[in-house]
Amino acid sequence: MSVVIKSPDEIAIMREAGRLNAEVRKLLLDAIAPGVTGRELDELAKAEIAQRGATPTFVGYAPGGRPPYPGAICYSVNAQLVHGIPGDQPLQEGDIVSVDLGVTWRGYVSDAAFTAAVGEVPPEVRRLLERTQAAVHAGVEQALAGNRIGDISSAIGAVGHEEGYGIIREYGGHGVGRTMHEEPHIPNYGRPGVGHQLKPGMVVALEPMFSLGGEGTEEEADRWTVRMRDGSLCAHFEETVAVTEGGPEILTSMGRLDDAHEGAAAATTGGAA
Ligand code: MF3
Ligand code: CO
């Protein structure tokens, strides 16, 4: 299938899907603490998604003969990179945990993830999280109509390269819409000026994955969990981003939750503060 262009009405629904995703992700982020389990976070996600009348995108996802994915979230700890299945092992002080969430709303998917520290972690680990998140934003800045996928990929990869991180090549971002994974694939490394050209109405999930060690990954026995082959710590951040005439719009941004709604924010800016 080729790249799907969304109409402004479809983007409006995806904006709602993204906002629900941000709301639930924020609750998950706030719940992360020593002693908490993946299963508890997954149950929280399922309850909060249901309460909003939405659907957990990941539940039952079964590509290419894999067992159906059981969780609303992917929950990946320390050297686990992505697609970890939430279980009963409690988080410990000093862990890092990646939480990935898919929310389907009126037939459209939002896909986003963060990696968080559980209590105190060493400065180089904190920096890994900070720079991986920065790589999403470096990619977002390139998500402009007329640019190419390679512009996004190279901007993301450059952030990892500057830090000497392992840049994971076996997984990457993707188009997103009525289904979670649409064309095009978006590598987290590459050259500017190459690849599919971006147009208004494209919606993409950008998801850099960097490690403090090598780049190779392997699958655990559960057929889902992806971990670093060398056991190094790794981080993953993801946002769903719309390419619009007016520039990139991050549909899943947790930062946006503070603006009660955009009209109100605009009124405040224009009025006497
Ligand atoms: N953001 C992840 C991805 O695009 C979500 C995977 S969900 C799972 O690969 F169900 F496949 F685990
Ligand atoms: Co994704």
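It should be noted that the structure appears before, not after, this text.
Structure report, in brief. The residue numbers shown here count from 1 along each chain, following its written sequence. By the order in which they are written, chains take letters starting at A while ligands take numbers starting at 1. This being a predicted model, a pLDDT of at least 70 is required before a residue's local features are given, and a value of 80 or more before pairs of side-chain atoms are given or counted; all residues contribute to the totals for chains, interfaces and linings. Excluding hydrogens and water, the side-chain figures rest on all heavy atoms present in the structure.

## Regarding the site of ligand 1
Link 1 in the chain: Think of it this way: one heavy atom of a residue within 4 Å of a molecule or strand is enough to make that residue near it. As a matter of local geometry, ligand 1 sits amid 13 residues, with H83, D100, H174, H181 and E238 nearest to it.
Link 2 in the chain: At a separation of 2.7 Å, a nitrogen atom of ligand 1 approaches a polar side-chain atom of D100.
Link 3 in the chain: Residues adjacent in sequence count toward polar contacts only when both atoms are side-chain atoms; beyond that, a polar contact is any pair of N or O atoms within 3.5 Å, and within protein one must be able to donate a hydrogen and the other to accept it. The separation between an oxygen atom of ligand 1 and a polar side-chain atom of H174 is 3.0 Å.
Link 4 in the chain: Accessible areas in this description were obtained via Shrake-Rupley with a 1.4 Å probe; residue shielding takes into account the shown protein chains only. In isolation ligand 1 exposes 340 Å². Once the protein is present, 96% of that is buried.
Link 5 in the chain: Class assignment for the residues of the shell around ligand 1 results in six nonpolar, three polar and four charged. Under the grouping applied here, Gly and all other residues not named as nonpolar or charged are polar, the nonpolar ones being Ala, Val, Leu, Ile, Met, Phe, Trp, Tyr, Cys and Pro and the charged ones Asp, Glu, Lys and Arg.

## Focus: the pattern of salt bridges
Link 1 in the chain: One side-chain nitrogen of Lys or Arg within 4 Å of one carboxyl oxygen of Asp or Glu is enough to make a salt bridge. Under the definition given, this model contains 17 salt bridges.
Link 2 in the chain: Between E249 and R15 there is a salt bridge; the shortest N-O distance is 2.6 Å. With E249 in strand 15 (residues 247-250) and R15 in helix 1 (residues 8-31), this pair connects stretches of sequence that are 234 residues apart.
Link 3 in the chain: Any residue under 20% of the maximum accessible area for its type is buried, any over 50% is exposed, and the rest in between are partly exposed; the area is computed with a 1.4 Å probe on protein chains only. Since its relative accessible area comes to 30%, R15 is described here as partly exposed. What counts as a helix is a DSSP run of H or I of at least four residues, what counts as a strand is a run of E of at least two, and both are numbered from the N terminus.

## Some words on the packing of aromatic side chains
Link 1 in the chain: Pairing of aromatic rings covers Phe, Tyr and Trp, the last counted by its six-membered ring, and requires centre-to-centre distances within 6.5 Å; plane angles under 30 degrees mean stacked, over 60 mean edge-to-face, and any other angle means tilted. Inspection of the entire model under this criterion finds four aromatic pairs.
Link 2 in the chain: Seen from their ring centres, Y61 and W224 are 6.3 Å apart, and the 40 degrees between their planes marks the pair as tilted. Remark: W224 occurs in the loop between strand 11 (217-219) and strand 12 (226-228) and Y61 occurs in the loop between strand 1 (55-56) and strand 2 (73-77); sequence separation between them is 163 residues.
Link 3 in the chain: For W224, a relative accessible area of 6% translates into the label buried.
Link 4 in the chain: Summarising the aromatic geometry, the rings of Y69 and W224 are spaced 5.0 Å apart at their centres and angled 80 degrees between planes, so their arrangement reads as edge-to-face. Linking Y69 in the loop between strand 1 and strand 2 with W224 in the loop between strand 11 and strand 12, this pair joins segments that are 155 residues apart in sequence.
Link 5 in the chain: These aromatic residues form a ring-pair network of at least three members: F58, Y61, Y69 and W224.
Link 6 in the chain: In this scheme, the term charge over a ring applies when either NZ of a lysine or CZ of an arginine sits within 6 Å of the ring centre and within 35 degrees of the ring normal. Sitting above the plane of the W224 ring, R66 keeps its charged end 5.6 Å from the centroid.
Link 7 in the chain: When the ring centre of Y189 is taken as origin, the NZ or CZ atom of R169, which lies over that ring, is 4.4 Å away.

## Some points on the coordination of the cobalt ion (ligand 2)
Link 1 in the chain: Protein ligation of the cobalt ion (ligand 2) involves D111 (OD), H174 (NE2), E207 (OE) and E238 (OE), the donor distances falling in the range 2.1 to 2.2 Å.
Link 2 in the chain: Distances up to 2.8 Å from the metal define which N, O and S atoms are donors, and 3.2 Å serves for Na, K and Ca; water is absent from the atom set, so sites may look incomplete. Donor angles set the geometry label: tetrahedral for four donors if every angle is between 85 and 135 degrees, square planar for four and octahedral for six if opposite donors exceed 155 degrees and the others are between 65 and 115, irregular for anything else. Its six donor atoms give the cobalt ion (ligand 2) angles of 72 to 166 degrees at the centre, a pattern that matches the octahedral case.
Link 3 in the chain: Going along the chain, you hit the donors of the cobalt ion (ligand 2) in the pattern D-x62-H-x32-E-x30-E. A residue pair is termed long-range when its members are at least 10 positions apart, and H174 in strand 7 (residues 173-175) and E207 in the loop between strand 9 (203-206) and strand 10 (209-211) qualify at 33 residues.

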